[in-house]
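# Fold and geometry: a report
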Amino acid sequence: MVRLPLLLLLGGVLAVCSLRVAIVGEGVIGLSTATAILDLAEKENITAPDIQIFHHKPFEKILSRHIAGLFRIDSGSEINKKYGYDTFEKLATLWREYGGLSGVQLVSGHILSDSKAKLDSQRVSYGNLVYNYRDLTETELFGPTSLFDLPRNTTTHGIHYTAYTSEGLRFCPFLKKELMAKGVRFTQRRIESLEELGSEFDVVVNAAGLFGGVLAGDDAGNMTPVRGVLIRVDAPWHKHFLYRDFSTITIPVIDSVYMGTVKQEGAYGPNNVTFDDIQDVTSRYVQLQPSFKRVHMLSSFVGYRPGRKQVRVEKQVREAYDKRARKFTVVHNYGHGGNGFTLGYGSALHAARLVLDLPLDEYEGILPEPLPTNSTVADWVHVLDD
């Protein structure tokens, strides 16, 4: 059943009252959700909701600002494939219409691993979605004309494909500019609970990333910070992404290259890039590409991926914190781990269908069972909640 806009009789004139939607979170998931809501409303000929996005940190300090955003799916679950497909379709549309002005860039590259099984899982997850997916030949991997500095006595395998990056530094401001042009409002205000917005809005979307579980009130214990480090370098000759076992990486974007990373699950410090971090990342990468001994570092960043066993896209009915205990709808959309830019618009379309009460037929049979509620607040929440 599609939710219809509220009809009010004002001065003898029938007026349409738009659905009021609050979104908590100004990162790629919050912006993508607002975009998807408006996209679907237009497609389904529904009156566009009145949307307001809340954020308590400036954009410069949030995770999405510092992400290179290469399209790659970590987990090949059926729902993630669906989210990935929908995101890829959106990125392709933006690339055709706006090119790099949207922050989206078409890029080719390679992933190397000593585990053939890991690379085979990549083929299953997205091999039929991206462009030009294939295995690398022995000549490409080893020998005097190899792309990489690999000894022949290794058991390294490799794949090649072409896809999109959606660099947070450009992609998120592009989405925000588009949303503001459509009347979406942005407010810097700390939200302590979803219920405090229930008296003002019909629907509240929880897109709060790592703190989505805490804000939900029933899921904090299912969230885990995954510490990561990215170093932005000046390497204009480097035009292809390169991964070694998913933790030693470079991703070229429009005017720089991102080099990383670490994946420290459960870590919540240090909150700055240390000398040891830089030494660790660069020493691993220059073994693959010795030329990177000569690059100039432009900036560095520590971020905490919102780790969760699966993305939470779920609808609830709650009561507001007011005298009337007004009922309102909550839609959760968080827990994307390191795949926020890959799964973001796809999960946003799912969340948008929940917001607008649109049919969910395309998700039948592929949705995982919800995780058990776990409201335990771990120590990391107090350390990272600044």
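Residues numbered from 1 in each chain as written. Predicted model: local features only at pLDDT ≥ 70, side-chain atom pairs only at ≥ 80, totals over all residues. Heavy atoms only, no water.

## Some thoughts on the layout of surface pockets
Worth spelling out the cut-off: Buriedness for pockets is judged along seven lines, at least five of which must meet protein on both sides within 12 Å for an open set on the 1 Å grid over protein atoms alone, while cavities are sets there where a 1.4 Å probe fits but cannot get out, and lining residues have an atom within 4 Å of a point. Grid points are joined across faces, edges and corners, and a volume is the space filled by probe spheres set on the points. Under the scheme used here, helices are H or I runs from DSSP no shorter than 4 residues and strands are E runs no shorter than 2 residues, and both carry numbers assigned from the N terminus.
Taken as a whole, the second largest pocket spans an internal volume of roughly 300 Å³. In terms of lining residues, the second largest pocket is bounded by 13 residues, among which L40, K43, E89, Y345 and L349 are the most central. Secondary structure elements with two or more residues in the lining of the second largest pocket: α1 (28-43), α2 (78-98) and α8 (340-356). With five residues, the top contributor of residues to the lining of the second largest pocket is α2.

## A closer look at the UniProt feature "domain: FAD dependent oxidoreductase" (unreviewed entry) in the chain
Just so we agree on the cut-off: UniProt positions are given in the numbering used here, feature names are shortened, and annotations may be inferred rather than shown by experiment.
Under the present numbering, the feature "domain: FAD dependent oxidoreductase" (unreviewed entry) in UniProt falls on residues 20-354. From the first C-alpha to the last, residues 20-354 spans 14 Å; its make-up is 30% helix and 29% strand.

## A closer look at unusual backbone geometry
For the record, the criterion: Here the term buried applies to any residue with accessible area under 20% of the maximum for its type, exposed to any over 50%, and partly exposed to those in between, with areas from a 1.4 Å probe on protein chains only.
Geometrically, the link from G260 to T261 is a cis peptide bond, its omega value of -5° lying close to zero. Cis geometry marks the peptide bond from G269 to P270, where omega comes out at -5°. If you trace the backbone, P270 turns up in the loop between β14 (264-265) and α7 (275-286). The residue N132 is not glycine, and still its phi comes out positive at about 60°. The class for N132 is exposed, based on a relative accessible area of 53%. With a phi close to 50°, A325 is a non-glycine residue in the positive phi region. Positionally, A325 belongs in the loop between β16 (312-319) and β17 (327-334).

## Some points on the pattern of salt bridges
So the rule is basically this: Criterion for a salt bridge: a side-chain nitrogen of Lys or Arg within 4 Å of a carboxyl oxygen of Asp or Glu.
By the definition in use, this model includes 32 salt bridges. A salt bridge links R134 to E140, with the shortest nitrogen-to-oxygen separation between them at 2.8 Å. A single salt-bridge network, built from bridges that share partners, covers E195, D218, R312, E314 and R318.

## Points about the pairing of strand β9 (residues 203-206)
Going by this rule: Strands qualify as paired when DSSP identifies two bridges or more between them.
The alternating pattern of β9 places V203 and V205 on one face and V204 and N206 on the opposite face, and all of these are buried. Where strand β3 (residues 20-24) lies against β9, four bridges are found, and the strand directions are parallel. Each bridged residue has a counterpart across the sheet, and for A22 the counterpart in β9 is V204. Inspection of the sheet shows β9 paired to β17 by four bridges, in the parallel sense. In the sheet register, V205 faces β17, and the bridge partner there is V331.

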